[in-house]
Amino acid sequence: MSGHEKRKRKQRIDTLIQSQAGSLGKFFGSKKQKESSNVVENLENKEEWEDMGNEENENLEDNTDAGAKEPNECVDEGDHEDMDVEVQNEDMVVECEPTNIDDPRNWDKIDQNFIDFIVERGPVRRDGDYFPKDMEGRHFTPFHYIRRLSNGEKQDRRWLVYSSASDKVFCFCCKLFAQGENKTLLATNGLRNWRNLGQRLKNHEASNEHIASMSKWIESERRLKKNETIDQSVQDQIKKEKEHWKGVLVRIIEAVKTLAKLNLAFRGDNEKIYQERNGIFLSIMEMVAVYDPIMQEHFRRIQNGEIHYHYLSHKIQNEIIQMLANEVKSSILRKIKDAKYFAVILDCTPDISHQEQMSLVIRCVDVSASTPKVEEFFLEFLKVEDTTGSGLFDELEIVLASLQLDIGDIRGQGYDNGSNMKGKHKGVQKRLLDINPRAFYTPCVCHSLNLVLCDMANSCNKAKSFFGVVQRIYCLFSSSPKRWKILMENVGGLTVKSLSQTRWESRVDSVRAIRYQASGIKEALLELADVDCRDDAGAKSEAEGLVRHEIEDFGFLVGMVIWHTMLFAVKCVSKTLQKEDMHIDVAIDQLKGLITFLDKYRESGLAEAIDEAKEIASKMGVEPVFHEKRVIRRKKQFDESVSEEVTFSAEESFRVNYFLYIMNQALSSLTSRFEQFKKYEETWGFLFDVNKLNSMTDECLKIHCTKLEDALQHEGTSDIDGKELFSELKVFKEGLPKEIRKPIEVLNHLKLMEDCYPNVWVAYRILLTIPVTVASGERSFSKLKLIKNYLRSTMSQERLNGLSLLSIEHEMVDKIDCEDIISTFAAKTARRVIFK
């Protein structure tokens, strides 16, 4: 473009922006909106406006749902979804930054529409405002919001508003209604004289100017509520439009919540209504419009070109998703901060776009509810580039700072058994312990149980061979529908399954199908071997080999019974420990029970397994005898010492070289991998069981309280006082009801005592905060795979976190009030319109 054309274009844009300044009615759809739209059409034709408005949007990348080939398509051509006008070319940038309409500092150039809008909203005071100190160390305090009369009564200074942007206070009514002669700071630039603020406020509220402004404010509020303003007809139309748009937004928000909770994609190939393949979101809106008059009217306006802002595009979807997610996250953070102590649970996995995602889950004791309970909350996925212990810990520090959570309040950390996580020298747990020694590290119990089974399966060749046979059977039948049909004709409800490489306790399902259907699988293999087909020559050979050398081998049947029993026991324990509210005392009891079971099974389990295997063998027509395989011995050299080799029978060889081998390996792995829980029991054991606490002597109880104080001490301070804890426990245990046994029940009882035992209250909260597994982090990966699949692989990280939070914490989403979301959305949109 030439310089003259650019200047001419800039002049048209300036004229357009000036014509829209102060048009609050446009947001509510009043008559002024239609008049302003006509001005826009007279300034430029439709094609020129599209060229300007979409010049920068042509290069936007759609990071929402895959399958969208034209990310800039709107519901109708020429429609402009966003309220803020952003036009960029070589000469200029017109960009409207978000402005806080509740801040009095921004009320200098306003019209009557804006005054009415602010009066309807009323003064806004936000809880948790930060009040910075001045050079003298003074700052504003909420103490000044209350006016204290001489008779002792208190009145709320509703007119006093604090501006966080300018660190000043203003008079709400004087700022809006004061005449030109009122030059006080509270009515103009704001007051920051914290030393004399009390006296200045008393003088101001007694002044005639303030009383006159208050009268105007009260009168304006009354007239707006009763629709008695001069422009009553206009106000009626505005209110009608507000109700219409409110109804539209309620339906849009509910559609977004539903799709987010169900992990469904929003967009299709285009974003135009009543067209094919326009996505699930618009399809739902079209279905609602069939029966709902509000959406019918909304779609009629869109089709007739009466409105430009239809709120159906992906930009509005993203905005609503983020507002809902922020509401859920704020609720979660409030609970965490009320609990004070929390634990972090981290786990990593690559997503569909080959980016490493780290799931952040926070565990705490929710004390805000009437009945305290242990909660594990998902917060977000963190995209990490450096997967070393240092890189992951840096990401953790950054996100905790952004969430305003104190790293010193961490009392537990749970990770899987990866070296970058559990490393004793450079792992995440060691780096966190260097900063906060009270962040007790717990390796995931379920991961450790999987590793125990992995150690057992790899301890001897016969165990490896057994699982190899199980996988061969599955691969043989699953390789073609014809073979699978033969299998289903011979077995009942259970089908053979592939072996999982990571979830070892799930292998019980693969073994169970063979354990309870061994005769049926044998018949299926024999039928497959008898198939006279050239294409199945390999299958016939494989099937015959499995039947003759594996299925009909009595040692295989005994091993099958043993492994099914072992895997079933571990699976029961693992599933129990994967609960969100699992506690350390329960985990220790479960592990002790598993070790006791393995000890007993080591002594008598082989005889029981042989009896069960004989019943299976009789049904299959297999001789219940261990077959001794030929032993290949190496020839001795002349200078080697010849020693007598111990020879075992086939059954004794099976017991010594197979059964006892895997059982000893299981007990050894359980003992070594759960040493951390022994340390927990030494430190916290006296709080696990109420019976143990009651039977403990005073001297022993005092020793345990002192030891716990030392464990919770850092930099000279401790979470509890050992001596006071001892004194409180002596009294507390005597009045504890007999039906209370578990730590969570003790905590619920303490909640009713209203801080009578503060040290006991803190000790039990920290005990229940320590995590046991990272199952919640693993479960979040299931949502990750559903939300960010191969069709939606270009989704932005912000949208991914928003949808994941709404899907995982769906119970909290159902409690969100749409009124609050609509108010927030309206305030954000009004900022863009009013301060344009």
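Here the structure is a predicted model, which is why all the values come from computation and not from measurement. (Residues numbered from 1 in each chain as written. Predicted model: local features only at pLDDT ≥ 70, side-chain atom pairs only at ≥ 80, totals over all residues. Heavy atoms only, no water.)

Caption draft 1: Structural view of the overall build of the protein chain. From N to C terminus, the protein chain includes 34 helices and 13 strands. Here the analysis covers contacts within the protein chain between residues at least 6 apart in sequence; of these, 72% occur between residues at least 24 apart. Carbon and sulfur atoms make up 48% of the accessible area of the protein chain, which totals about 41,800 Å². (Helix = DSSP H or I, 4+ residues; strand = E, 2+ residues; numbered from the N terminus. Contact = heavy atoms within 4.5 Å. Areas by Shrake-Rupley, 256 points an atom, 1.4 Å probe, with all protein chains shown as cover.)

Caption draft 2: Quick look at the packing of aromatic side chains. Across all of its chains, the model carries 27 aromatic pairs by this definition. For the ring pair Tyr415 and Tyr441, a centre distance of 5.8 Å and an interplane angle of 25 degrees mean the geometry is stacked. Here Tyr441 lies in strand S11 (residues 440-443) and Tyr415 lies in strand S10 (residues 410-415), a separation of 26 residues in the sequence. Like Tyr415, the residue Tyr441 is buried in the burial classification. Judged by centre distance (5.2 Å) and plane angle (80 degrees), the ring pair of Phe466 and Phe467 falls under edge-to-face. A relative accessible area of 3% places Phe466 in the buried class. Here a set of aromatic residues connected by ring pairs shows up, and it is made of Phe131, Phe140, Tyr145, Tyr162 and Trp194. For the cation-ring pair, Arg799 lies above Phe266, with the distance from its terminal atom to the ring centre recorded as 5.0 Å. (Phe/Tyr/Trp six-rings, centres within 6.5 Å; stacked < 30°, edge-to-face > 60°. Buried < 20%, exposed > 50% of the residue type's maximum accessible area, 1.4 Å probe, protein only. Lys NZ or Arg CZ within 6 Å of the ring centre and 35° of its normal.)

Caption draft 3: Structural context of a nonpolar patch on the surface. On the surface, Leu262, Leu264 and Ile280 cluster together to form a nonpolar patch covering roughly 230 Å² of accessible area. Within the element layout of this structure, Ile280 appears in helix H10 (residues 280-291). Exposure remark for Ile280: the relative accessible area of 32% places this residue in the partly exposed category. (Patch = residues over 30% accessible without salt bridge, like charges linked within 9 Å, V, L, I, M, F, W, Y side chains within 5 Å. Salt bridge = Lys/Arg side-chain N within 4 Å of Asp/Glu carboxyl O.)

Caption draft 4: Geometry of the side chain of Glu221. With respect to the helices and strands, Glu221 occurs in helix H8 (residues 208-226). You can call Glu221 buried: its relative accessible area is 16%. With residues near it in sequence (within four places) discarded, Glu221 still touches Val119 and Arg158.

Caption draft 5: Fine view of the environment of Ser448. Take Ser448: it is sitting in helix H16 (residues 445-457). For the pair Ser448 and Ser669, spaced 221 residues apart in sequence, the C-alpha separation works out to 9.0 Å.

Caption draft 6: Molecular detail of helix H32 (residues 797-808). Helix length check: H32, at 12 residues, gives a terminal C-alpha distance of 16 Å against a target of 16 Å (1.5 Å per residue), a fit within 8%. The element H32 is largely enclosed, with a buried count of 10 among its 12 residues. (Expected span 1.5 Å × (residues − 1).)

Caption draft 7: Local environment of the nonpolar core. Counting 200 residues, the largest nonpolar core has Phe281, Leu449, Val558, Ile562, Trp563, Trp684 and Leu729 as its most contacted members. Residue contacts for Ile562: discarding those within four places in its chain leaves Tyr601, Leu606, Ala609, Phe654, Phe659 and Ile662. Counting 30 residues, the second-largest nonpolar core is a separate cluster that includes Phe114, Val169, Cys174 and Leu201. (Core = buried A, V, L, I, M, F, W, Y, C linked by side-chain atoms within 4.5 Å.)

Caption draft 8: View of the state of the cysteines. Applying the stated criterion across every chain, the model contains zero disulfides. The thiol sulfur of Cys173 is not disulfide-bonded, and the nearest other cysteine sulfur, from Cys171, lies at 3.5 Å. (Disulfide = S-S within 2.5 Å.)

Caption draft 9: Here's a closer look at the packing of helix H25 (residues 675-688) against helix H27 (residues 698-711). The interhelical angle for the contact between H25 and H27, taken along N-to-C directions, is 125 degrees, at an axis separation of 9 Å. Comparing their axes, H27 and H25 come out oblique. The handedness of the crossing between H25 and H27 is left-handed. Contacts between H25 and H27 involve Glu682, Thr683, Trp684, Phe686 and Leu687 from the first element and Leu701, His704, Cys705, Lys707, Leu708 and Ala711 from the second. Taken together, the residues of the contact of H25 with H27 break down into seven nonpolar, two polar and two charged. (Axes fitted to C-alpha atoms, helices over the stretch in contact; angles between N-to-C directions. Parallel < 35°, antiparallel > 145°, perpendicular 65-115°, else oblique. Left-handed = near helix turned anticlockwise from the far one by under 90°. Nonpolar A, V, L, I, M, F, W, Y, C, P; charged D, E, K, R; others polar.)

Caption draft 10: Here's a closer look at the sheet that holds strand S7 (residues 342-350). Here five strands make up an open sheet; going across it, the order is S9-S8-S7-S10-S11 and the pairing mixed. The open sheet has two edge strands with one neighbour each: strand S9 (373-384) and S11. The sheet shows a mean angle of 20 degrees between the axes of neighbouring strands, taken without regard to direction. Where S10 lies against S11, four bridges are found, and the strand directions are parallel. Across the sheet, Tyr415 pairs through a bridge with Pro443, a residue of S11. (Pairing = 2+ DSSP bridges.)

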